[in-house]
Amino acid sequence: MPYVVATLVLLGLMCLLNLLLTVGILRRMRAQPAGISEPPFVLRPGSAIGEFAVTTTAGEPLTLAGLDGTVAFFSADCAACHETLPDFLAYARAQGRDNVFAVFGGDEPDTVRALAEVAHVVTAELDGGPVAAAFRNTWTPALYVVADGRVTATAGRVHELPVPAGR
């Protein structure tokens, strides 16, 4: 009988310890934001962008010197990119093709064609290629506003982008 009592006391203490750990974990989870609300940008507003040289799908050379406007990174295997794409296409039409650049990782010719109508498009491997390396970007969708070789704004969704003056 003493063994049964000792076992039940030990079991009760273990259950109490488990309950305390569970409460501690729940409190910590509540203190954290509910998921990632924005992409983890390495380059923040004011950061300089690295040098790169690529060719767009239209055969145009593109370097950092010729980059002013909005730069978007999309990926073929990204569900959020496909959800954001219609909003981005409307945004790009409003900004004008000369002010919008898109980097598309993966192989989706229809998406690349849709982007090419409203933006200068660079296709790349899923890692984003040299443009993603220059931005140190590893997340999609990722949107940057660029001026004079520096990032002026970042966003994960089109509605988070600043509205340009005069537009």
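Below you will find a few notes about this structure. Sequence order as written defines the numbering, with residues in each chain counted from 1. Where local features are concerned, this predicted model is filtered to residues with pLDDT of at least 70; where side-chain atom pairs are given and counted, the filter is 80 or more; whole-chain, interface and lining totals use all residues. Excluding hydrogens and water, the side-chain values take into account all heavy atoms of the structure.

Points about the sheet that holds strand β7 (residues 150-155)
Turning to step 1, where the next piece is worked out: One open sheet holds the five strands; their spatial order is β5-β4-β3-β6-β7, and the pairing between them is mixed. Looking at strand neighbours, the two that pair on one side only are β5 (120-124) and β7, the edges of this open sheet. Strand-to-strand, the axes of this sheet are offset by a mean angle of 20°, without reference to chain direction.
Turning to step 2, where the next piece is worked out: DSSP-based pairing: two strands are paired if at least 2 bridges between them are found. Helix and strand labels come from DSSP, where a helix needs a run of H or I of at least four residues and a strand needs a run of E of at least two; each type is numbered from the N terminus. By the bridge criterion, five bridges tie strand β3 (residues 69-75) to strand β6 (residues 142-147) in an arrangement that is antiparallel. Each bridged residue has a counterpart across the sheet, and for Gly69 the counterpart in β6 is Val146. As a rule, the C-alpha atoms of each element are fitted with a line to give its axis, helices using only the stretch in contact, and angles between N-to-C directions run from 0 to 180 degrees.

Here's the deal with the pattern of salt bridges
Turning to step 1, where the next piece is worked out: Each salt bridge in this description consists of a side-chain nitrogen of Lys or Arg and a carboxyl oxygen of Asp or Glu lying within 4 Å of one another. Applying the stated criterion across every chain, the model contains two salt bridges.
Turning to step 2, where the next piece is worked out: Across the pair Arg97 and Glu60 runs a salt bridge, and its minimum N-O distance is 3.9 Å. Of the two residues, Arg97 is situated in the loop between α2 (79-95) and β4 (100-105) and Glu60 in the loop between β1 (53-55) and β2 (61-63); the sequence distance between them amounts to 37 residues.
Turning to step 3, where the next piece is worked out: Its relative accessible area of 29% is what places Arg97 among the partly exposed residues.
Turning to step 4, where the next piece is worked out: Partly exposed describes any residue whose relative accessible area lies between the buried limit of under 20% and the exposed limit of over 50%, with all areas from a 1.4 Å probe on protein chains only and scaled to the type maximum. Assessed through its relative accessible area of 28%, Glu60 is described here as partly exposed.
Turning to step 5, where the next piece is worked out: Arg113 is the salt-bridge partner of Asp110, the closest N and O atoms lying 2.4 Å from each other. One end of the pair, Asp110, and the other, Arg113, are both in helix α3 (residues 109-116), three residues apart, so they sit about a helical turn from each other.

Topic: the environment of Glu117
Turning to step 1, where the next piece is worked out: Mapped onto the elements of the fold, Glu117 is located in the loop between α3 and β5.
Turning to step 2, where the next piece is worked out: A relative accessible area of 61% means that Glu117 is categorised as exposed.
Turning to step 3, where the next piece is worked out: Glu117 sits 24 residues away from Arg93 along the chain, and the two C-alpha atoms are 8.6 Å apart.

Remarks on the pairing of β4
Turning to step 1, where the next piece is worked out: Most of β4 sits out of view: six of its six residues are buried.
Turning to step 2, where the next piece is worked out: Inspection of the sheet shows β3 paired to β4 by six bridges, in the parallel sense. Following the sheet pairing, Phe73 is matched in β4 by Val103.
Turning to step 3, where the next piece is worked out: Crossovers are marked right-handed if the path from the first strand over the helix to the second runs clockwise, as seen with the strands pointing away from the viewer. In terms of handedness, the path from β3 via α2 over to β4 forms a crossover that is right-handed.
Turning to step 4, where the next piece is worked out: Sheet topology places β4 next to β5; five bridges connect them, and they run parallel. By the bridge assignment for β5, Phe101 is matched with His120.
Turning to step 5, where the next piece is worked out: Handedness of the β-α-β unit built from β4, α3 and β5 comes out right-handed.

Some remarks on the nonpolar core
Turning to step 1, where the next piece is worked out: To form a nonpolar core, buried Ala, Val, Leu, Ile, Met, Phe, Trp, Tyr and Cys residues must be joined to one another through side-chain atoms within 4.5 Å. Ranked by size, the top nonpolar core spans 24 residues in total, and within it Phe74, Phe88, Phe104, Leu115, Leu143 and Leu161 carry the most contacts.
Turning to step 2, where the next piece is worked out: Of all the secondary structure elements, the ones that give two or more residues to this core are β3, α2, β4, α3, β6 and β7.
Turning to step 3, where the next piece is worked out: The dominant element in this core, judged by the number of residues it contributes, is α2, at six residues.
Turning to step 4, where the next piece is worked out: In this structure Phe88 touches Thr70, Ala72, Phe74, Val100, Leu115, Leu143 and Val158, once residues within four positions along its chain are discounted. We call two residues in contact when some of their heavy atoms are within 4.5 Å.

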